[in-house]
Amino acid sequence: MTFGWAIVGTGEVARRFAVSLRYVPHAKLTRVASRTHANACRFAERFGGRPVEDLEALLQCNDVDIVYIATP
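Notes on the structure follow. (Residues numbered from 1 in each chain as written. Predicted model: local features only at pLDDT ≥ 70, side-chain atom pairs only at ≥ 80, totals over all residues. Heavy atoms only, no water.)

The next subject is the sheet that holds strand E2 (residues 27-33). Read across the sheet, four strands follow the order E3-E2-E1-E4 without closing on themselves; strand pairing throughout is parallel. The open sheet has two edge strands with one neighbour each: strand E3 (50-51) and strand E4 (66-69). Here E2 pairs with E3 via two bridges, running parallel. Following the sheet pairing, Val32 is matched in E3 by Pro51. (Pairing = 2+ DSSP bridges. Helix = DSSP H or I, 4+ residues; strand = E, 2+ residues; numbered from the N terminus.)

In this structure, His26 is a non-glycine residue whose phi angle is positive, near 65°. Of note, His26 is situated in the loop between helix H1 (12-21) and E2.

Among the residues of H1, those classed as buried are Ala14, Phe17, Ala18 and Leu21. Taken end-on, H1 shows its buried residues confined to a sector of 100°, consistent with a single buried face. Those residues of H1 hidden inside the fold are in contact with strand E1 (3-8), E2, helix H2 (37-47) and E4. (Buried < 20%, exposed > 50% of the residue type's maximum accessible area, 1.4 Å probe, protein only. Arc of directions from axis to C-beta. Contact = heavy atoms within 4.5 Å.)

This part is about the nonpolar core. Counting residues in hydrophobic clusters, the biggest one holds 14 residues, and the most contacted among them are Ile7, Ala18, Leu21, Leu29, Val32 and Phe43. Where this core is concerned, the elements lending two or more residues are E1, H1, E2 and H2. In this structure, Ala18 is in contact with Ile7, Leu29, Phe43 and Phe47, ignoring residues within four places of it in sequence. Formed by seven residues, the second largest nonpolar core is a distinct cluster that contains Ala33, Val52, Leu58 and Cys61. (Core = buried A, V, L, I, M, F, W, Y, C linked by side-chain atoms within 4.5 Å.)

At a closest axis distance of 11 Å, the pairing of H1 and H2 adopts a crossing angle of 30°. On the basis of the axis angle, H1 is roughly parallel to H2. Relative to H2, H1 is oriented so that their crossing is right-handed. Contact residues: H1 offers Ala14, Arg15, Ala18 and Val19, while H2 offers Phe43, Arg46 and Phe47. (Axes fitted to C-alpha atoms, helices over the stretch in contact; angles between N-to-C directions. Parallel < 35°, antiparallel > 145°, perpendicular 65-115°, else oblique. Left-handed = near helix turned anticlockwise from the far one by under 90°.)

What follows is the structure in structure tokens.
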């Protein structure tokens, strides 16, 4: 079974986490949320996953099993 991960935030910690997640067996970055949709889109282009409009939309995603919150 593969677990779908979402990342909230697109800063340095989120970037490092996204790179590391590539090496975790049975893990896949599926969604990215940020304060702005443009930031989420740029992050998803670089690290994978699909951007979401906001946190409420993230909660509605069926492909997310685990959420990593990379914001202060």
